[in-house]
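Here is how the chains run, residue by residue.
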Amino acid sequence: MAAIARFQFLQPYPNSKPSAFFSKFLQSSPSFSSFSSVKPCRIHFRKFSVTSPLCSSSGSIPECPESSESSTSIVGDLLDYLNESWTQFHATAEAKRQLIAAGFHLLKENEKWDLQPGGRYFFTRNMSSLVAFAIGKKYSIGNGFHVIAAHTDSPCLKLKPKSASTKSGYLMVNVQTYGGGLWHTWFDRDLSVAGRVILRADDGSFLHRLVKITRPLLRVPTLAIHLNRTVNQDGFKPNLETHLIPLLAIKTENATADSTEKCNVFSSKDVHHQLLLKILSDELSCKIEDIVSVELNICDTQPSCLGGANNEFIFSGRLDNLASSFCGLRAIVDSCALPEDLSNENSIRMIALFDNEEVGSDSCQGAGAPTMFEAMRRITDCLSHQSAGETDFARAIRHSFLVSADMAHGVHPNFIDKHEEHHRPELQKGLVIKHNANQRYATSGITSFLFKEVARLHSLPTQDFVVRNDMGCGSTIGPILAAGVGIRTVDCGIAQLSMHSVREICGKEDVDIAYKHFKAFYQSFSSIDRKLNVD
C-alpha cells in the first residue's frame, strides 16, 4: 500500500518532435531480430491476436479448462493476461501490444505530440508504467479527463545486484523482498525468474529485452517439522535475510571452474551464477558476455486458472493489481472501439498504469511522479495549438474525475471479526467503494455518489468498505493523485482473499462487473456529471 506523497503544481510543459505509429514494434526492428528467437506462447487472446506477446518464454503454459462464459465475459482474457504478465514489465508490454492491436497510436514522451480530436494514443515509461487516452470528437479546451488509474507491480522477491551465493554445496540466489508480501506463502513453491535484461548488440548499441523462464527453476524449502517441532504452536517466523533464499542447483566443480573464465561482464567475481546467466542467454539466443544488466523478479510458475466447485473463483498470483489494470485497459479499448464511440464525447478518456505502488509510489515510474498530470497538460497544449494557460488547465482538472482501482479486502469466512460489522464486502457482489475518514482512501461523499450513479444507471451492484476503528488502514495511489492537483477521486476495487499472497483469490463474476462498471464510467460519466452542481 502506498505512502502519501504530494506534487508541486505543474508548470507549462515544453513541446518537442513528433513520433510515428509503431504498428509492428520490436519484431520488425533489425537490432531486435539479431538476438530474437521468441517462442510462441500457448496463450490465445480472444480479441487481440495480431502479434505474439512481447516475452521470451521457454516451455508452455498449461491452459485453463474452458468455461461457458458468454461472449461479453473478459475472464478468459484476464487469465491470458495474468499468465503473460509475470512482472510489471511484461504487464506493460502486453498492455502495449493490445493497445496497438486496437488501433491506439504509440507516442514517446521525449518527442513532440501531434494529437487530434477522435484520436487514440498511449505512451510507456520504463516499460513498467503506461498512460493511454482517447480524445472525444467534441472535446474543447477546459473540458475534463475521465481517468482510471491502477498499478502494474505486486509484492514479490527480486534478485539482489549480487545474487550469487553458495551454501552447504548448493547454489543459492540472494533476493530482496519487494512490498508487503505474505512471505511464508513463497516457501515450497515452484519458482522461476522473469524480468528484463540489457544486451550489448554487435554494433555496440544496447537492447532492452524481456525474458521469462516458465519451467520451475528455484525453490525455497521449509525446514522439516522434525527439526522445528513447535512450528505449529509458535507459528512460522522465517528470518527474511537468512531463510528466504531460493535454491538454484547443487554446486558442481565445472560451474566453479567456468565462472571466472567466461564472464567478464559482472567483474572477475561472479555477481550472478554462471548457470543462471547461461539459462538466460539460451532463452534470449545470445552470448553470456552480451548480458550487461539484469532486473529479475522471482515468480511462481503455477498458471492462473479458474477454481472452486462451480469455477466461480480465479486462483492466481498478482491479482493485486493486474485484475484492476486489465479491467480498466479493456474498458477503455472497448469504449472507443468503433468510430462512432467518440463522436459525442466532449471529454478525454484515460487510463494510467503505474509501477511501484507497493513500495510507496515514489519513483520516476510511480504515481508519486507527475507523469499523468504532465500528460494532461501536454494534451491540453496540443489541442489548443499553443501553451495552455493556467486557467485552461485548472478548468480541465476541475472537470476531471479519477477512479483509483485497487483490489479490496473481501470478508474472510474464518476471520469475520477482522471486518467492521456493517462493511464486509463479499466476493461476486460487485465493486467495493473504499472509505476512510483519515484520507487513506480519497473517496468523498460526492465522488462515491457519482461513481455509484454510474452503476445504478447500468444496474450494476456496488459495496462499501470501512476499516475497523481499532485497526490500521492501507492506502492506494488515490490520495497521492488526488492531492497532486486536486482531482476528484474515488477509491474502489474488486473484493479478494489472500491479498499479497503468492497465490490470491477473487470472484469470476466480479471481474466482469468491474469491466462493465469501468466501461460505463467512460461512456456515461460526462452526462451524469453535468447534472450535479456542488460549488
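Thresholds applied
- Residues numbered from 1 in each chain as written.
- Predicted model: local features only at pLDDT ≥ 70, side-chain atom pairs only at ≥ 80, totals over all residues.
- Heavy atoms only, no water.
- UniProt positions renumbered as here; feature names shortened; annotations may be inferred.
- Pairing = 2+ DSSP bridges.
- Helix = DSSP H or I, 4+ residues; strand = E, 2+ residues; numbered from the N terminus.
- Contact = heavy atoms within 4.5 Å.
- Axes fitted to C-alpha atoms, helices over the stretch in contact; angles between N-to-C directions.
- Salt bridge = Lys/Arg side-chain N within 4 Å of Asp/Glu carboxyl O.

- With an unreviewed UniProt entry as reference, the protein chain is termed aspartyl aminopeptidase, source organism Solanum pinnatisectum.
- Looking at the protein chain in UniProt, the text filed under Catalytic activity (unreviewed entry) is "Release of an N-terminal aspartate or glutamate from a peptide, with a preference for aspartate."

## Description of the sheet that holds strand 21 (residues 504–507)
And step 1. Strand order in the open sheet made by the 5 strands is 12-13-21-20-16, with mixed pairing throughout. Here the strands that pair on one side only, and so sit at the sheet edges, are strand 12 (305–307) and strand 16 (408–409).
And step 2. Both strand 20 (residues 495–497) and strand 21 contribute to a ladder of 2 bridges, which runs antiparallel. Paired with Gln-496 across the strands is Cys-506, a residue of strand 21.
And step 3. This element, helix 2 (residues 75–84), spans strand 12 and strand 13 (313–316) of the sheet and lies at about 5° to strand 13.
And step 4. Docked against the sheet, helix 12 (residues 508–530) engages strand 12, strand 13, strand 20 and strand 21, running at close to 65° with respect to strand 21.

## Brief notes about the pattern of salt bridges
Opposite charge on two side chains makes pairing possible when the charged atoms of those side chains draw close.
And step 1. Under the criterion given, the structure shown has 18 salt bridges.
And step 2. Notably, a salt bridge pairs Glu-241 with Lys-160, separated by 3.0 Å at the nearest N-O pair. Of this pair, Glu-241 sits in the loop between helix 4 (231–234) and strand 10 (247–250) while Lys-160 sits in strand 6 (residues 156–167), and the two are 81 residues apart along the sequence.
And step 3. A salt bridge links Asp-282 to Lys-278, with the nearest nitrogen and oxygen atoms 2.9 Å apart.

## Concerning the sheet that holds strand 17 (residues 431–435)
And step 1. Pairing is mixed across the open sheet formed by 9 strands, whose spatial order is 2-3-4-14-5-15-19-17-18. A strand with exactly one partner marks an edge of an open sheet, and here the two such strands are strand 2 (105–106) and strand 18 (462–466).
And step 2. Relative to strand 3 (residues 120–125), strand 2 runs parallel, the two sharing 2 bridges. Each residue of the ladder has a partner; that of His-105, found in strand 3, is Tyr-121.
And step 3. Sitting on the sheet, helix 12 touches strand 5 (145–151), strand 14 (348–354), strand 15 (401–405), strand 17, strand 18 and strand 19 (488–493), and the angle it makes with strand 5 is about 155°.

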